[in-house]
Amino acid sequence: MASSSDRAVPGAPCWVSLLTHDLTAAQDFYGPVMGWTFRSGRLGENFTVALADGKPVAGIGNVARTMGVAVSWTSYFAVEDADVVASRIRERGGTVAVGPLAVGHGRAALAADSAGAVFGFWEGETLREWRVGREAAPAWLELRTRDAFAAAMFYGEVFEWATGRPDRCEVRYEDDAVMVRSAGHTVACLRGGAVEAAPDPRIRPRWHVYFCVDDVEKAVETALAAGGTVAAEPGQSQVGREATLRDPQGGLFTVTTSGADITPDPS
């Protein structure tokens, strides 16, 4: 986690991080593709913070190989008590793979929901300016899973969504998706089906990260030149131009011209 200055709404996304096998290679890819620069974080030489126009965007950790996990982007959610959340996850058929562990000025954990989608949660201070769909933060976070309603029940109980409390996230059903909102602002979407294709029960559920770019085609061209691949060709969705890419180590993400408070097209 990057340096901190505030506390996020409990249950709301508060950070994204790439678990990678090669920190230098990841920087060499995301630097030109996304226009990011990098600085050292507080967690040692195996971690760095990506910056866009000097503002923190995401973390990159050279830990995937040692943890025995695939290279992937992970979404983190703010919590008030990491131990309580860990217990809720286990009680509802999920797993807690790592932590909660003391990290910097807080505590972090990696878990998987009852369908197998990996996510993280964080107890502690967060970046005041980091909000999904605003400035340097990701444009969109989307869970693709086999049963969006079952997922909404799982995360709703774990993170206390839809409790009616003013300090918690709201949940709405819109356009065949479950939309998660905080203070009237869309922060995540839960949708049935795979990221790259139509709904397919054989595809492992995952949290998927969308990043805003000025020019999707240019980002794709730069990604290919840097050794990445295209998982979904550039196309027009309901809300903007987008394309799904894989970095050279397999990390999957989408570049888009759209912002938040809009529903990504499922195709």
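Before reading on, note that the structure itself is shown above.
All of these numbers come straight from a predicted model, not from anything done at the bench.

Caption draft 1: Up close: the packing of helix H1 (residues 23-34) against helix H5 (residues 216-225). At a closest axis distance of 8 Å, the pairing of H1 and H5 adopts a crossing angle of 155 degrees. With respect to H5, the axis of H1 lies roughly antiparallel. Relative to H5, H1 is oriented so that their crossing is right-handed. Facing H1, whose interface residues are Phe29, Pro32 and Val33, H5 presents Ala219, Thr222 and Ala223. Counted by class, the contact of H1 with H5 contains five nonpolar, one polar and no charged residues.

Caption draft 2: Representation of the sheet that holds strand E3 (residues 47-52) in the model. Spatially, E2-E3-E4-E1-E5-E8-E7-E6 is the arrangement adopted by the eight strands of the open sheet, whose pairing is mixed. With partners counted over all chains shown, the strands left at the sheet margins are strand E2 (37-40) and strand E6 (95-103), one partner each. Taking the axes of each pair of neighbouring strands and ignoring which way they run, one obtains an average angle of 30 degrees across the sheet. Pairing of E2 with E3 involves four bridges; the strand directions are antiparallel. Paired with arginine 39 across the bridge in E3 is valine 49. Contacts from helix H3 (residues 82-91) reach strand E5 (72-79), E6, strand E7 (106-112) and strand E8 (118-124), with the element oriented near 175 degrees to E6.

Caption draft 3: Highlighting the pairing of strand E10 (residues 170-174). Two strands pair when backbone bridges link them, and E10 and strand E11 (residues 177-182) are joined in this way by five bridges, in the antiparallel orientation. Pairing of glutamate 170 across the sheet is with arginine 181, part of E11. Counted along the chain from E10 to the antiparallel partner E11, the turn is two residues long, and its residue aspartate 175 has a positive phi close to 50 degrees.

Caption draft 4: Region of interest: the packing of aromatic side chains. One pass over the structure, following the stated rule, counts 23 aromatic pairs. With centroids separated by 5.2 Å and ring planes inclined at 65 degrees, the aromatic side chains of tryptophan 73 and phenylalanine 211 adopt a geometry described as edge-to-face. Separated by 138 residues along the polypeptide, tryptophan 73 in strand E5 and phenylalanine 211 in strand E13 (residues 206-212) bring together distant segments of the chain. For the pair phenylalanine 154 and tyrosine 155, a centre-to-centre distance of 5.1 Å together with 85 degrees between the ring planes defines the contact as edge-to-face. The class of tyrosine 155 is buried, set by a relative accessible area of 0%. Here a set of aromatic residues connected by ring pairs shows up, and it is made of Phe77, Phe119, Phe154, Tyr155, Phe159, Trp161 and Trp207.

What counts, and where the lines are drawn
Residues numbered from 1 in each chain as written. Predicted model: local features only at pLDDT ≥ 70, side-chain atom pairs only at ≥ 80, totals over all residues. Heavy atoms only, no water. Axes fitted to C-alpha atoms, helices over the stretch in contact; angles between N-to-C directions. Helix = DSSP H or I, 4+ residues; strand = E, 2+ residues; numbered from the N terminus. Parallel < 35°, antiparallel > 145°, perpendicular 65-115°, else oblique. Left-handed = near helix turned anticlockwise from the far one by under 90°. Contact = heavy atoms within 4.5 Å. Nonpolar A, V, L, I, M, F, W, Y, C, P; charged D, E, K, R; others polar. Pairing = 2+ DSSP bridges. Phe/Tyr/Trp six-rings, centres within 6.5 Å; stacked < 30°, edge-to-face > 60°. Buried < 20%, exposed > 50% of the residue type's maximum accessible area, 1.4 Å probe, protein only.

Interpretation in functional terms is not warranted from these geometric data alone.
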